[in-house]
Amino acid sequence: MAEAPIRTSELAAEYGLRDDDLLRMYRLVALARAIDERMWVLNRSGKAAFVISGQGHEGAQVGIVASLRPGFDWLVPYYRSIAAVLTFGMTPRDILLAQFARAPDPSSGGRQMPGHYGSAAHNILTTSSPVATQLLHAVGIALAAKIRRTGQVALTELGDGSSNQGDFHEGLNFAGIHRLPVVFVVENNGYAISVPMSLQVAIPNIADRAAAYGFPGVVVDGGDVLACYRAGREAIDRARRGEGPTLIEAKVTRLTPHSSDDQQTKYRPPEELEAERRRDALPRFRQQLRDAGVLDEAREAAIAAEVKATVDDATDWAERQPEPDPATALRHVYAAPEAE
Amino acid sequence: MPVKTFIEAIRDTLAAEMRRDASVIVLGEDVGLKGGVFLATDGLFAEFGPERVIDTPLTESMIVGASIGAAVNGLRPVPEIQFADFILPAFNQIVSEAAKMRYRSNGTFGCPITIRAPYGGGVHGALYHSQSVEAYFTHVPGLKVVIPSTPHDAAGLLRSAIRDPDPVLFFEHKKMYRSVRGEVPDGDYTVPLGTAQVTRSGTQITVVAYGLMAHYALEAAEQVAAEGISVEVIDVRTLRPLDLDTLLSSVRRTGKCVVVYEDNKFGGYGAEIAATLAEQAFDFLDGPILRVAGPDVPAVPYAHALEDWFMVNPDKIAAGIRRLAAY
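Along each chain, numbering runs from 1 in the same order as the chain's sequence is written. Chains carry letters and ligands carry numbers; both start at the beginning, A for chains and 1 for ligands, and go up in the order they are written. For this predicted model, a pLDDT threshold of at least 70 governs which residues receive local features, and a threshold of 80 or more governs which side-chain atom pairs are given and counted, while totals over whole chains, interfaces and linings are taken from all residues.

Asker: Explain the overall build of chain B to me, please; I cannot follow it from the model alone.
Answerer: Helix and strand definitions follow DSSP, with helices as H or I runs of at least four residues and strands as E runs of at least two, each counted in order from the N terminus. A count of helical and extended segments in chain B gives 13 helices and 14 strands. The reference for a compact globule is 2.2 Å times residues^0.38; the radius of gyration itself is calculated from the C-alpha atoms. Its C-alpha atoms give chain B a radius of gyration of 19 Å, near enough to 20 Å, the size a compact globule of 327 residues would have. With the principal axes as the frame, chain B shows a C-alpha extent of 60 × 45 × 40 Å. The burial tally for chain B puts 57% of its 327 residues in the buried class. What counts as a contact here is a pair of residues whose C-beta atoms, placed from the backbone, lie within 7 Å. Taking as baseline every contact in chain B between residues at least 6 positions apart, the subset at least 24 positions apart corresponds to 79%. Counting other C-beta atoms within 10 Å of its own, a residue is labelled buried from 20 upward, exposed at 12 or fewer, and partly exposed in the gap between, with every C-beta atom placed from the backbone.

The structure is reproduced here in structure tokens:
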């Protein structure tokens, strides 16, 4: 926390970090989880028609995205990227504005379903619902970065299901040919809605597909925040050095149904759901930081209180914001001024 | 004033825009050393190099998807789809992404790309090298669709398209590439998107067309002029946004309208023109709005006799004009 002296534990030193970096990452994982849980409460209490969740993915997102340069590099997210967009500079209020579909929502002004994040101010590209389309946009952003010699890196996130789309393979192929500064992050939670990995791919690791496109594929435990940090940093550094793309496959877990309209107990046995809880990054990271002496009870409680206050503020504030005016719904079809 | 073929006008304009603006790049299949299968990009690779004239793998979705990303990060990509028939793998990127990027981000992201593609029949291209695909895209708010018919307009509209902040589909009739010539001014002129042009003045019937059909409409008008039918011809030039004012002011004078398009008739672009004129010029109409269009088969067949059967030509247009004139 701010008042504490900046120190470097053995754990932090092992990753070239300081303790405040670890605490910042821990706070982001905890914050993303708390916002996500709030979104479900809002949905179940009738205040938000839809939720799509990132629970179980937060550790991988925070760890991998931590090495990007916010506002300079590009993040091309997908609908589970809550923790990633928070790490890259969006605020809890921004997320809650999207959840309530309020007029000031920076992602879409309430036009899109919740979870479709984007922010021009942060170099976070606007998101759609068709899957894997965004991967090609990251490739194009990286192509422009290379041609313009900006030094930027583009990082895109997608799910295991998306890795079967043609756009995934077309994009990896082109990025490999031109050694583009792009990082592909597949967050493999084992399911494409209800379809398990065994019916999606014939190989154990999606990362292995990178070999066909001439660049490294890395498998990382998505429940291990610091392993994800290391994998992300290496891939981002490699891209920035001009050595080309990396495919990171983070093995994560999906703690919630696909969305608020899904019932996952229909296709996932209770034992599996119970076992998956143990792969969750949040308690694992907490324990790791306790064991390393980075997190003590007082600090843990202070972070928890600050996170709760932040989420409460974001919720209450966002709910009070105005709904979009239908009189504005014709705007922004084209850049030219529109008739009202 | 220099006289150029249709394709020379396009090629010269691409080169001029790339000289003017370092952010303009060209990417597509065979656009590099070969200069494109029709040679629309011939010479660009030599002048601008492999970084700005990019030979891609056979991946139409990637060609458009990467163009969208590159546009977001400061470039003005001009992707080429080798034949309009092959644009369908990119349909999702064009319709779900390029068209909606501005709207879905509440105006905070744009997508300045110009997708060029040769379209149209009459060159023995058969089912998969002859299609007219404009109706798939004119239906979609957020896209602009341009189909020029003269070298002058091709140059002026292509400049406008490349400089436009929104995604533009720029369809070039391949039969016109070398068969159509015309004067092209040397200067840096533009033809604004969304402006139709009256290419022949007349008093009794308005014929609305675009692309190759804009030429055939003029030939048909000449045919029936000898029979005393006075035809006004309008070249639409930009299908979306449509210059409805020019169409309405003509049809309100003539009271009769034939809409010509090469695509099959059912649900084609001309249906939108016919419906809009029926809504907004009904009180002035003196007969049904007729469509002269391709037959409703899935695509253009190959054999000479079959292709001739498919293609709209000046005789078929003239027959439509005579039928309407009889009202």
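This is not the end of the story, as more comes after the structure.
Asker: When you look at the overall build of chain A in this model, what are you seeing that I'm missing?
Answerer: When helices and strands are counted, chain A shows 11 helices and 7 strands. Radius of gyration (C-alpha) of chain A: 20 Å, near the 20 Å computed for a compact globule of 340 residues. Split into buried and exposed, the 340 residues of chain A put 51% on the buried side. Partitioning the intrachain contacts of chain A with sequence separation of at least 6 by distance along the chain shows that 75% fall at a separation of at least 24.

Asker: Please clarify how the interface of chain A and chain B should be interpreted in this entry.
Answerer: Many authors give the size of an interface as the accessible area that is lost as the parts come together. In this complex, chain A contributes 34 residues to the contact, which on the side of chain B involves 36 residues. Those elements that place two or more of their residues in the side of chain A that touches chain B are helix H6 (133-148) and helix H7 (166-178) of chain A. Tallying contributions element by element places H6 of chain A first for the side of chain A that touches chain B, with 12 residues. Per-class residue counts for the side of chain A that touches chain B are 16 nonpolar, 13 polar and 5 charged. For this scheme, ten residues count as nonpolar: Ala, Val, Leu, Ile, Met, Phe, Trp, Tyr, Cys and Pro. Four count as charged, namely Asp, Glu, Lys and Arg, and the remainder, Gly too, count as polar.

Asker: What's the story with the nonpolar core in this structure? I'm lost.
Answerer: Soluble globular proteins tend to pack their nonpolar side chains together in the buried interior. In this structure, Val-29 and Val-139 of chain A together with Val-207, Ala-217, Val-260 and Ile-321 of chain B are the most contacted members of the largest nonpolar core, which totals 197 residues. Of all the elements, helix H2 (residues 19-44) of chain A adds the most residues to this core, at 11 residues. Domain ranges listed in this record stem from an automatic or a database domain assignment. No fewer than three residues from each of domain 1 (3-183) and domain 2 (197-325) of chain B sit in this core. Setting aside chain neighbours within four positions, we find Ile-321 of chain B in contact with Ile-205, Val-207, Ala-220, Val-224, Ile-229, Val-231 and Val-258 of chain B. For the purposes of this analysis, a nonpolar core is taken to be any set of buried Ala, Val, Leu, Ile, Met, Phe, Trp, Tyr and Cys residues that are connected through C-beta atoms within 7 Å.

Asker: Looking at this structure, how should I read the domain arrangement of chain B?
Answerer: Residue and element names in this part refer to chain B. Looking at chain B, the domain boundaries give domain 1 (3-183) and domain 2 (197-325). Relative to domain 2, the C-alpha centre of domain 1 lies at a distance of 26 Å. Between domain 1 and domain 2, the residue contacts involve 25 residues of the former and 24 residues of the latter. For the side of domain 1 that touches domain 2, the secondary structure elements donating two or more residues are helix H6 (134-138), strand S6 (144-146) and helix H7 (151-163). Here the side of domain 1 that touches domain 2 is composed, by residue class, of 11 nonpolar, 10 polar and 4 charged.

Asker: Just to check I follow, could you spell out the packing of H2 of chain A against helix H5 (residues 92-100) of chain A for this structure?
Answerer: Helices that pack against each other are described as a pair by the angle of their axes relative to one another and the distance between those axes. Residues and elements named next belong to chain A. Relative to each other, H2 and H5 sit at 20°, their axes nearing to 11 Å. It follows from the interaxial angle that H2 and H5 lie roughly parallel. Of the two possible hands of crossing, H2 and H5 adopt the one that is right-handed. Together, Leu-31, Ile-35, Met-39 and Leu-42 of H2 and Pro-92, Ile-95 and Gln-99 of H5 make up the contact between the two elements. Among the residues forming the contact of H2 with H5, the class breakdown is 6 nonpolar, 1 polar and no charged. To get an axis, a line is fitted to the C-alpha atoms, and for a helix only the part in contact is used. The angle between two axes follows their N-to-C directions and goes from 0 to 180 degrees. Oblique is the label for any angle not covered by the other classes, which are roughly parallel (under 35 degrees), roughly antiparallel (over 145) and roughly perpendicular (65 to 115). Crossings are sorted by hand: turned counterclockwise from the far helix by less than a right angle, the near helix makes the crossing left-handed, and turned clockwise it makes it right-handed.

Asker: Even after reading the chapter, I still don't get the sheet that holds strand S7 (residues 246-251) of chain A, so can you show me in this structure?
Answerer: Either a parallel or an antiparallel arrangement is found when strands of a sheet pair, and the pairing is made through backbone hydrogen bonds. Residues and elements named next belong to chain A. Reading across from one edge, S1-S2-S3-S7-S6 is the order of the 5 strands in this open sheet, with parallel pairing throughout. In the strand order of this sheet, the two ends are held by strand S1 (74-76) and strand S6 (217-221), each with one partner. Each adjacent strand pair in this sheet contributes to an overall mean axis angle of 20°, direction not counted. Docked against the sheet, H6 engages S1, strand S2 (154-159) and strand S3 (182-188), running at close to 170° with respect to S2. Two strands pair if DSSP finds at least two bridges between them.

Asker: Whenever I open this one, the environment of Pro-324 of chain A confuses me. Can you help?
Answerer: Residue and element names in this part refer to chain A. You can see Pro-324 is positioned in the segment after helix H11 (297-320). With 223 residues separating them in the primary sequence, Pro-324 and Ala-101 have C-alpha atoms 7.8 Å apart. For Pro-324, the contacting residues outside a window of four places in its chain are Ala-103, Gly-109 and Gly-110.

Asker: Quick question: what am I supposed to make of the sheet that holds strand S11 (residues 231-235) of chain B here?
Answerer: Residues and elements named next belong to chain B. An order of S9-S11-S10-S13-S14 is seen for the 5 strands of this open sheet, with the pairing classed as mixed. Only two strands of the sheet have a single partner each, and these edge strands are strand S9 (197-200) and strand S14 (290-294). Across the sheet, the mean angle from the axis of one strand to that of its neighbour is 25°, orientation sign disregarded. In this sheet, S14 lies alongside strand S13 (residues 257-264) in parallel orientation, the contact comprising 5 bridges. Paired with Val-258 across the strands is Leu-290, a residue of S14. Against the sheet, helix H13 (residues 314-325) engages strand S10 (205-209), S11, S13 and S14, with an angle of about 160° to S14.

Asker: Can you help me understand the pairing of S3 of chain A in this one?
Answerer: Residues and elements named next belong to chain A. Counting buried positions over the 7 residues of S3 gives 7, a clear majority of the element. Side chains of S3 alternate between two faces, with Val-182, Phe-184, Val-186 and Asn-188 and Val-183, Val-185 and Glu-187 buried alike. Where S2 lies against S3, 6 bridges are found, and the strand directions are parallel. Across the sheet, residue Ala-154 finds its bridge partner in S3, namely Val-182. For the handedness criterion, the β-α-β arrangement of S2, H7 and S3 is classed as right-handed. Inspection of the sheet shows S3 paired to S7 by 6 bridges, in the parallel sense. Looking at S7, one finds that Asn-188 is bridged to Lys-251. Every crossover in which the path from the first strand over the helix to the second runs clockwise, viewed with the strands pointing away from the viewer, is termed right-handed.

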